[in-house]
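Residues per chain are reported as follows:
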Amino acid sequence: MLLIKKHFLILKIHFTEVNSLEKKQISVVLVRPHVIIEHGNDAIPDIASYYSADPGLRIIKQLRFTFTRKKAEEFYAEHKGKFFFENLMDTSTEGESVAFLIEGFNAVEKVRRITGPTDSRKNLDETTVRGKYGIKVAPEETDPGSKNGAHASDSAASAMREEKIIWGSIKGL
């Protein structure tokens, strides 16, 4: 009996150590306007189901809105000056977007995996959001990201900044 308790204690300590490596985070997913324009409102619950299928993730907020140019520039500030920035602004402001705030352990990494690769030329796997909803572009296309279907936070710091932009100032989006 003592031996069983000892092994249980070792397993419990090991399990605690593994779990302590995971960090509770938030991540922002932004469904791009072209998805809603091309697939309609049914795309939103379908996309939400991709994230809800992971028992470690939970959608805690959802918002439907239209980006103003000013808010889109703030949201995508790290891309200002890049060759695709104007195209990104055009596609981000062409209609309504839907944002999800997702919470969970290692949420940023999990959400990015579920969302799929940024490059539309690599999004052939329809088990990812971008694989199903991204517009497949030709191999010679120079901007494969603007129509990839969804944005996902690339870090915990980005997620916190993006949350403030979207939910911190609902008026004026």
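A short tour of the structure in this document, coming up. Nothing here was measured: the structure is a model prediction, and the numbers come from that model. For every chain, the first residue of the written sequence is number 1, and numbering continues from 1 along that sequence. Per-residue local features of the predicted model are confined to residues with pLDDT of at least 70, and side-chain atom pairs are confined, for both listing and counting, to 80 or more; whole-chain, interface and lining totals are unaffected and use all residues. Side-chain measures here rest on the full set of heavy atoms in the structure, leaving out hydrogens and waters.

**Here we look at the overall build of the chain**
Here's step 1: Helix and strand labels come from DSSP, where a helix needs a run of H or I of at least four residues and a strand needs a run of E of at least two; each type is numbered from the N terminus. Regarding its fold elements, the chain presents eight helices and four strands.
Here's step 2: When the helices and strands of the chain are listed from N to C terminus, the series reads α-β-α-α-β-α-α-β-α-α-β-α.
Here's step 3: In the chain, 75% of the contacts between residues at least 6 apart in sequence involve partners at least 24 apart.
Here's step 4: Residue-level accessible areas treat just the shown protein chains as cover; the underlying method is Shrake-Rupley with a 1.4 Å probe. As presented, the chain carries roughly 9,700 Å² of accessible surface, and 60% of it is formed by carbon and sulfur atoms. Two residues form a contact once any of their heavy atoms are found within 4.5 Å.

**A word on the nonpolar core**
The tendency in soluble globular proteins is for nonpolar side chains to be buried side by side.
Here's step 1: Residue types Ala, Val, Leu, Ile, Met, Phe, Trp, Tyr and Cys, when buried and joined through side-chain atoms within 4.5 Å, form a set referred to as a nonpolar core. Remark: exposure states derive from per-residue accessible area (1.4 Å probe, protein chains only) relative to the maximum for the residue type, with buried under 20%, exposed over 50%, and partly exposed in between. V31, I47, Y51, F100, I102, V111 and V129 are the most contacted members of the largest nonpolar core, which has 21 residues in total.
Here's step 2: Mapped onto this core, the elements with two or more residues apiece are strand 1 (24-31), helix 2 (33-39), helix 3 (43-52), strand 3 (96-105), helix 6 (107-115), helix 7 (129-133) and strand 4 (150-152).
Here's step 3: The biggest single contributor to this core is helix 3, with six residues.
Here's step 4: Contacts of Y51, omitting those with residues within four sequence positions, involve V29, L57, I102, V111, I114, T115 and V129.

**Here we look at helix 3**
Here's step 1: Along helix 3, the residues that are buried comprise A43, I44, I47, A48, Y50 and Y51. With its buried residues spanning 145° around the axis, helix 3 presents them on a single face.
Here's step 2: Check the buried side of helix 3 and you find it contacts strand 1, helix 2, strand 2 (57-66), strand 3, helix 6 and helix 7. Note: the arc covers the axis-to-C-beta directions of the helix.

**Structural notes on the side chain of E162**
Here's step 1: Relative to the assigned elements, E162 resides in helix 8 (residues 156-167).
Here's step 2: Lys and Arg are tallied as positive, Asp and Glu as negative. Neither His nor the chain termini are counted. By definition here, a salt bridge exists when the distance from a side-chain nitrogen of Lys or Arg to a carboxyl oxygen of Asp or Glu is within 4 Å. Nearest to the buried, unbridged E162 among oppositely charged side chains is R161, at 4.2 Å.
Here's step 3: Of note is the side chain of E162, whose polar atom sits 2.6 Å from the side chain of S153.
Here's step 4: Not counting the four nearest positions on each side in its chain, E162 is found in contact with V28, F75, H151 and S153. Any pair of nitrogen or oxygen atoms within 3.5 Å is treated as a polar contact; in protein, a donor-acceptor pairing is required on top of that, and neighbouring residues in sequence qualify only through side-chain atoms on both sides.

**A word on the environment of I26**
Here's step 1: If you trace the backbone, I26 turns up in strand 1.
Here's step 2: Linking I26 and E103, residues 77 residues apart in sequence, is a C-alpha distance of 4.4 Å.
Here's step 3: Contact partners of I26, with chain neighbours within four places excluded, come to L101, I102, E103, A107, V108, A159, M160 and E163.

**A few points about the pattern of salt bridges**
Here's step 1: Under the counting rule described, the total for this entry stands at nine salt bridges.
Here's step 2: Of the charged contacts in the structure, one is a salt bridge between D46 and K132, with a shortest N-O distance of 2.9 Å. Of the two residues, D46 is situated in helix 3 and K132 in helix 7; the sequence distance between them amounts to 86 residues.
Here's step 3: Classification of D46 as partly exposed rests on a relative accessible area of 23%.
Here's step 4: On the basis of relative accessibility, which here comes to 33%, the residue K132 falls in the partly exposed class.
Here's step 5: A salt bridge links R69 to E73, with the shortest nitrogen-to-oxygen separation between them at 2.6 Å. Linking R69 with E73, this pair stays in helix 4 (residues 69-75), spanning four residues, or about one helical turn.
Here's step 6: R69 gets classed as partly exposed once you look at its relative accessible area, which sits at 35%.
Here's step 7: Here the salt bridges do not stand alone but share partners, grouping R69, E73 and E86 into one network.

**Focus: the side chain of T128**
Here's step 1: Of note, T128 is situated in the loop between helix 6 and helix 7.
Here's step 2: Reaching out from T128, the side chain makes a polar contact with the backbone nitrogen of G131 at a distance of 2.9 Å.
Here's step 3: Each residue touching T128, except ones within four places of it in the same chain, is listed here: Y50, R113, I114, T115 and G116.

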